[in-house]
Amino acid sequence: VQLVESGGGLGQAGGSLRLSCAAPGRIFSINTMGWYRQAPGKQREVVATITSGSSTMYVDSVKSRFTISRDNAKNTVYLQRNSLKPEDTAVYYCNVPLDRTTLVLFSWGQGTQVTVSS
């Protein structure tokens, strides 16, 4: 199974970027989806999750700044990131969470690099 992340790039502090993740329909429609990130020198962490019924969860550091959403018709999950901070610089990944940690269903893909300049 291949999850394809896109939308990363360079951003400025205070700016906005939207990430997308496309998943196979048979996976997407029945599962909670999650966004994760790994900053340089740090462990991968959960950023946000969204259930098939669109209930959401966010890590405290991104609450009120990031919004996770899903388009079931397109089998795509999004992460809208506003008020970007340099500490948001990381490689961002999507996957299917198995619990509230970084335990996930599939192997990690390449992710999409996000760099935020001050």
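What you are looking at is a predicted structure, and each value in this text was computed from that prediction instead of being measured.

**Focus on the pairing of strand 9 (residues 90-95)**
Walk down a regular strand and you will see the side chains alternate between the two sheet faces. Along strand 9, six of the six residues are buried, which leaves the element largely enclosed by surrounding structure. Judged by which residues are buried, strand 9 turns out to be covered on both faces: A90, Y92 and C94 on one side and V91, Y93 and N95 on the other are all buried. Bridge analysis of strand 4 (residues 33-38) against strand 9 gives five bridges, and the strand direction is antiparallel. Bridge pairing in strand 9 places W35 opposite C94. Taken together, the three bridges between strand 9 and strand 10 (residues 112-117) define a ladder with antiparallel strand orientation. Residue A90 lies in a different strand from strand 10, and its bridge partner there is V114.

**Structural notes on the packing of aromatic side chains**
Under the definition given, this model contains two aromatic pairs. Ring centres of Y36 and W108 lie 5.1 Å apart, and the angle between their planes is 75°; on these two criteria the pair is classed as edge-to-face. In this pair, Y36 is assigned in strand 4 and W108 in the loop between strand 9 and strand 10, connecting sequence segments 72 residues apart. Judged by its relative accessible area of 27%, W108 is partly exposed. On the basis of an interplanar angle of 65° and a centroid distance of 5.5 Å, the ring pair of Y93 and W108 is categorised as edge-to-face.

**Some points on the side chain of T112**
Looking at the secondary structure, you find T112 in strand 10. Overall, the relative accessible area of 10% leaves T112 in the buried class. In this structure T112 touches E5, S6, G7, G8, L19, A90, V91 and Y92, once residues within four positions along its chain are discounted.

About the thresholds
Residues numbered from 1 in each chain as written. Predicted model: local features only at pLDDT ≥ 70, side-chain atom pairs only at ≥ 80, totals over all residues. Heavy atoms only, no water. Buried < 20%, exposed > 50% of the residue type's maximum accessible area, 1.4 Å probe, protein only. Helix = DSSP H or I, 4+ residues; strand = E, 2+ residues; numbered from the N terminus. Pairing = 2+ DSSP bridges. Phe/Tyr/Trp six-rings, centres within 6.5 Å; stacked < 30°, edge-to-face > 60°. Contact = heavy atoms within 4.5 Å.

Shape descriptors only; they carry no functional weight alone.
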